[in-house]
Amino acid sequence: VRHSESVTFGGGGLDRAAHLRSDRDRLAQMLSDETATALVTWRGKLLFGSGDQPKLACLPISDMFFKHAEAEPVFLGLVKSAPVFAYDVSRWEPEQLPESEGGLFDSQQIRDPALPDNHWLGDLRQVMARLSPLDAELAASAKAIIGWHGSHGFCAKCGAASGVSMGGWQRHCELCNSHHFPRTDPVVIMLITNGNNVLLGRSPGWPEPMFSLLAGFVEPGETLEAAVRREVAEEVGVKVGAVGYLASQPWPFPASLMVGCRGEALSTDLNPDPVEIAEAFWISREQIMAVFAGEDETILPARRGSVAHFLLENWLADRLD
Ligand SMILES: [Zn+2]
């Protein structure tokens, strides 16, 4: 796709300064630097501030709120040569807990007297398409890496508790001396076309009119092309010929890398696997255009900010090549 990096989470030019991660003295120095700031994550949510546009909140590293952090912060990189970290404050208890948490449409915002004025903890998906590219990159990085620490506290080899190392980009087990690296799980998401038509599907858990492109995890020992062909065959029984790469998107829910591909269908009969697909159909370019223009409400396309939305938009505008 031309301008493929303009996708949400497509990168904001963050200087990750990875060479500083192994330098414990520099890390300690940066943590007491007056210009240092930190993002706040709490049980999968991030701290945002209000203005005309929602903005990712970066608090001074000396902010008292960080006393709720259990572990040392992750060093995300340098922004205009100022260090930026991310703190996990999940053990902090707000005055009022939200009634339900998580899910595809988590619109709960937590406001609390302990947070700065006009700030709230919320789901990144609710604001992702309105953040600046740099804020989106910082937010995606913080959410993914802190989510990984949250579920990888113990050594996968020997079971002992492991510790944070390399400025938060590794975990190390003292007992068996193994190093553990953050996971990124590749997922293929595919724009399958047959002439003027594109294939859309809906997972069983999704609300009724919502449809998106088919997608699935890449398996060990598999190429991206093979994963595209296998997933489409498994999910709807369509045979796919030529496969090509279009664009990628980090998707920190919790740790995916979406790899957008295109594929040419060699057959059109649809036999959805009921476990994975509630409904699938071919839709013409003109129909999708009407859906995107808000003139056809029988279909709710993948939300803005997702790579599915991005690929469909670019297909409509004929900007894939
Ligand atoms: Zn170990």
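For the structure, check the block above.
All values reported here derive from a predicted model rather than from experimental measurement. (Residues numbered from 1 in each chain as written. Predicted model: local features only at pLDDT ≥ 70, side-chain atom pairs only at ≥ 80, totals over all residues. Heavy atoms only, no water.)

*Asks:* Just to check I follow, could you spell out unusual backbone geometry for this structure?
*Replies:* Glycine aside, the phi torsion of most residues is negative, and most peptide linkages are trans. In this model, phenylalanine 253 is joined to proline 254 through a cis peptide bond whose omega is 5 degrees. By the secondary structure assignment, proline 254 is in the loop between strand E15 (240-251) and strand E16 (256-265). The phi dihedral of serine 81 is positive, around 60 degrees, even though this residue is not glycine. Along the polypeptide, serine 81 turns up in the loop between strand E5 (74-79) and strand E6 (82-88). On the basis of relative accessible area, serine 81 is assigned to the exposed category, the value being 64%. Even without a glycine there, the phi angle at asparagine 118 is positive, about 60 degrees. Assessed through its relative accessible area of 56%, asparagine 118 is described here as exposed. (Helix = DSSP H or I, 4+ residues; strand = E, 2+ residues; numbered from the N terminus. Buried < 20%, exposed > 50% of the residue type's maximum accessible area, 1.4 Å probe, protein only.)

*Asks:* Whenever I open this one, the coordination of the zinc ion confuses me. Can you help?
*Replies:* A four-donor tetrahedral metal ideally has 109.5 degree angles, and a six-donor octahedral metal ideally has angles of 90 or 180 degrees. Around the zinc ion, the protein contributes the donor atoms Cys155 (SG), Cys158 (SG), Cys173 (SG) and Cys176 (SG), at 2.3 to 2.4 Å from the metal centre. Because the angles between the 4 donor atoms bound to the zinc ion fall within 104 to 115 degrees, the donor set is best described as tetrahedral. Sequence spacing of the donor residues for the zinc ion, all on one chain, is C-x2-C-x14-C-x2-C. In this pair, cysteine 155 is assigned in the loop between helix H3 (133-151) and strand E8 (163-165) and cysteine 173 in the loop between strand E9 (170-172) and strand E10 (179-180), connecting sequence segments 18 residues apart. (Donors = N, O, S within 2.8 Å, 3.2 Å for Na, K, Ca; no water. Tetrahedral: all angles 85-135°; square planar, octahedral: opposite > 155°, others 65-115°.)

*Asks:* Help me out: how do you make sense of the pairing of E6 in this one?
*Replies:* Across a regular strand the side chains alternate sides, sitting on one face of the sheet and then on the other. Among the 7 residues in E6, 6 count as buried, and that is most of the element. The pairing of E5 with E6 spans 5 bridges and is antiparallel. Bridge assignment links glycine 77 to a residue of E6, and that residue is valine 84. Two successive antiparallel strands, E5 and E6, enclose a turn made up of 2 residues, where lysine 80 displays a positive phi of approximately 50 degrees. (Pairing = 2+ DSSP bridges.)

*Asks:* What should I look at first to understand the environment of valine 243 in this one?
*Replies:* By the element assignment, valine 243 lies in strand E15. Each C-alpha atom of the pair valine 243 and glutamate 264 lies 6.8 Å from the other, and the pair is 21 residues apart in sequence. If we skip the residues at most four places from it in the chain, valine 243 touches Glu225, Val228, Arg229, Cys261, Arg262 and Gly263. (Contact = heavy atoms within 4.5 Å.)

*Asks:* Would you mind going over the pattern of salt bridges with me for this structure?
*Replies:* A side chain of one charge can pair with a side chain of the opposite charge if their charged atoms are brought near each other. Using the criterion set out here, one finds 11 salt bridges in the structure. In this structure, the salt-bridge partner of arginine 43 is glutamate 93, at a minimum N-O distance of 3.2 Å. Remark: glutamate 93 occurs in the loop between E6 and strand E7 (119-122) and arginine 43 occurs in the loop between strand E1 (37-42) and strand E2 (45-49); sequence separation between them is 50 residues. A relative accessible area of 31% places arginine 43 in the partly exposed class. We note a salt bridge from glutamate 208 to arginine 202, for which the minimum N-O separation is 3.3 Å. (Salt bridge = Lys/Arg side-chain N within 4 Å of Asp/Glu carboxyl O.)

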